[in-house]
Amino acid sequence: VHLDVDSEIIARHTFTVTATPPTVTALTLAMTPDGPEVARLAEETRHFYVRYEYAGACTGAPIWVVVRRDEATICKRSLTLTSVAGQGAVACYREDGAPFEAGAYRAALTLMGEPSREVAFEIGPPPTPVPTVTPAPSCGPLVISAGLTPDGDPVLVRESFEWYTQAIYAGRRCSQLSPTTAWRATWYRNGESMRTTDGAWDGGSRGLVWDSVTGVITAPFLLPGAYSVTLEIAGAESQTAAFDVIPYVTPEPTP
């Protein structure tokens, strides 16, 4: 473009029309111009900064930042850009210095007359999370058996076991189990505690919660006597079952 007087050019200025429109590449909130980005402001906040980054603008281009709560304008700032690309921050506060009310807000930036970017945020404490209710386990009766199948099913279920028995299992089939469901098995022989085991379920939502009592290398057969076991499963009523290990009877000699 040039300016002429009486057909004589007295001033000339060149300019460029860019192929891409100006863009706002970022719009964030912070408590200070150079502080870390925040997504939620504390209750009783009195001021904060709206930070922006832009590219492809014109030097001297107008820019507006408006913060609203619902349809009410909370603060509004305008300025002109000093470079074609860069970043900046504008402060938002009430003219009387009063704190902002808790609630949902929106900060919008307009560059060269075109709405460019908006960010939503909240002032005040985060909402109280709704606690997740974990259903209590639902368990069947306590079953005593001489073994378990590979699928976890009791086999040789009974209340009396021969003297040569080397292991006895106690279990309850349950549903609505969680990976942290705790259980405890307490075994008794002739009324005296002989073993207590604490564990946590590590399977799916259904299965057999079980424990066992066994002999040892030097005495592989369980000692004869009156046994009982109590199986406690967190969230379910405990159950107790009784059984006997029959002593070995020496056969009488044949006359």
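In this text the structure is predicted, and so the values were computed from the model without any measurement. (Residues numbered from 1 in each chain as written. Predicted model: local features only at pLDDT ≥ 70, side-chain atom pairs only at ≥ 80, totals over all residues. Heavy atoms only, no water.)

**Regarding the overall build of the protein chain**
Applied cut-off: Note on conventions: DSSP H or I runs of at least 4 residues are helices, E runs of at least 2 residues are strands, and numbering of each starts at the N terminus. We call a residue buried when its accessible area falls under 20% of the maximum for its residue type, exposed when it is over 50%, and partly exposed in between, using a 1.4 Å probe and counting protein chains only. Every residue pair with non-hydrogen atoms within 4.5 Å of one another is taken to be in contact. Only four residue types enter the charge count: Lys and Arg as positive, Asp and Glu as negative, with His and the chain ends excluded. The atom standing in for a charge is NZ when the residue is Lys, CZ when it is Arg, CG when it is Asp and CD when it is Glu.
If you tally the helices and strands in the protein chain, you get zero helices and 21 strands. Here the C-alpha coordinates of the protein chain stretch approximately 155 × 45 × 30 Å along the principal axes. By the burial criterion, 31% of the 255 residues in the protein chain qualify as buried. For the protein chain, long-range pairs separated by at least 24 residues make up 58% of all intrachain contacts whose partners lie at least 6 apart in sequence. Distance between charge centres in the protein chain, computed from 18 positive and 28 negative side chains, equals 3 Å.

**Description of the sheet that holds strand S15 (residues 160-161)**
The condition that has to hold: Paired strands are those between which DSSP finds at least two bridges.
If you trace the five strands from one edge of the open sheet to the other, you get S15-S21-S20-S17-S18, paired in mixed fashion. On the outer flanks of this sheet lie S15 and strand S18 (192-200), each paired with one strand and no other. Two strands pair when backbone bridges link them, and strand S17 (residues 182-189) and S18 are joined in this way by eight bridges, in the antiparallel orientation. Across the sheet, Arg-184 pairs through a bridge with Asp-198, a residue of S18.

**A short note on the packing of aromatic side chains**
Where we set the bar: For Phe, Tyr and Trp, where Trp contributes only its six-membered ring, two rings pair if their centres lie within 6.5 Å, and the inter-plane angle classes them as stacked under 30 degrees, edge-to-face over 60, or tilted in between. To sit over a ring, a charge needs its Lys NZ or Arg CZ within 6 Å of the ring centre and within 35 degrees of the ring normal.
Applying the stated criterion across every chain, the model contains 12 aromatic pairs. Chaining the aromatic ring pairs together yields one cluster made of Phe-48, Phe-100, Tyr-105 and Phe-121. Over the ring of Tyr-93 we find Arg-77, and its NZ or CZ is 4.5 Å from the ring centre.

**A look at the state of the cysteines**
Note on terminology: disulfide describes a covalent bond linking the sulfur atoms of two cysteines. How we decide: By disulfide we mean two sulfur atoms from cysteines, separated by a distance within 2.5 Å.
Counting across every chain of the model gives two disulfides. Cys-75 shares a disulfide with Cys-92; S-S distance 1.8 Å. Across the disulfide from Cys-75 to Cys-92, rotation about the S-S bond amounts to roughly -110°, and the bridge is consequently left-handed. Of this pair, Cys-75 sits in strand S8 (residues 72-80) while Cys-92 is found in strand S9 (residues 86-93), placing the two residues 17 residues apart along the sequence. Note on accessibility: Cys-75 and Cys-92 belong to one class, buried. With a sulfur-sulfur separation of 2.1 Å, Cys-139 is cross-linked through a disulfide to Cys-174. Taking the sign of the S-S torsion, about 110° here, the bridge from Cys-139 to Cys-174 comes out right-handed.

**Section: the sheet that holds strand S6 (residues 47-55)**
Spatial strand order, S4-S3-S6-S9: four strands in an open sheet with antiparallel pairing. For this open sheet the edge positions go to strand S4 (37-38) and S9, each flanked by a neighbour on one side alone.

**So, the pattern of salt bridges**
Side chains that differ in sign of charge can pair as their charged atoms come close. Heads up, the condition is: Any Lys or Arg side-chain nitrogen found within 4 Å of a carboxyl oxygen on Asp or Glu counts as a salt bridge.
Counted under the stated rule, the structure contains six salt bridges. Between Arg-40 and Glu-122 there is a salt bridge whose closest N-O contact spans 2.9 Å. Residue Arg-40 is found in strand S5 (residues 40-41), and its partner Glu-122 is found in strand S11 (residues 114-123); the two are separated by 82 residues along the sequence. When its relative accessible area of 31% is taken as the criterion, Arg-40 is described as partly exposed. Relative accessible area serves as the criterion here: at 34%, Glu-122 is assigned to the partly exposed category.

**Some details on unusual backbone geometry**
Non-glycine residue Leu-156 carries a positive phi angle of around 55°. If you trace the backbone, Leu-156 turns up in strand S14 (residues 154-157). On the basis of relative accessible area, Leu-156 is assigned to the exposed category, the value being 52%. One non-glycine residue, Asn-190, lies in positive phi territory at about 55°. Within the fold, Asn-190 resides in the loop between S17 and S18.

**A short note on the environment of Ile-168**
With respect to the helices, strands and loops of the structure, Ile-168 is situated in strand S16 (residues 167-175). Beyond its immediate sequence surroundings of up to four residues, Ile-168 is in contact with Ile-144, Ser-145, Phe-161, Trp-187, Asp-211, Ser-212, Val-213, Leu-222, Phe-243 and Val-245.

**Let's talk about the side chain of Thr-165**
As for its placement among the helices and strands, Thr-165 is situated in the loop between S15 and S16. On the basis of relative accessible area, Thr-165 is assigned to the buried category, the value being 10%. Discounting residues that sit within four places of it in the chain, Thr-165 has contacts with Pro-220, Phe-221 and Leu-222.

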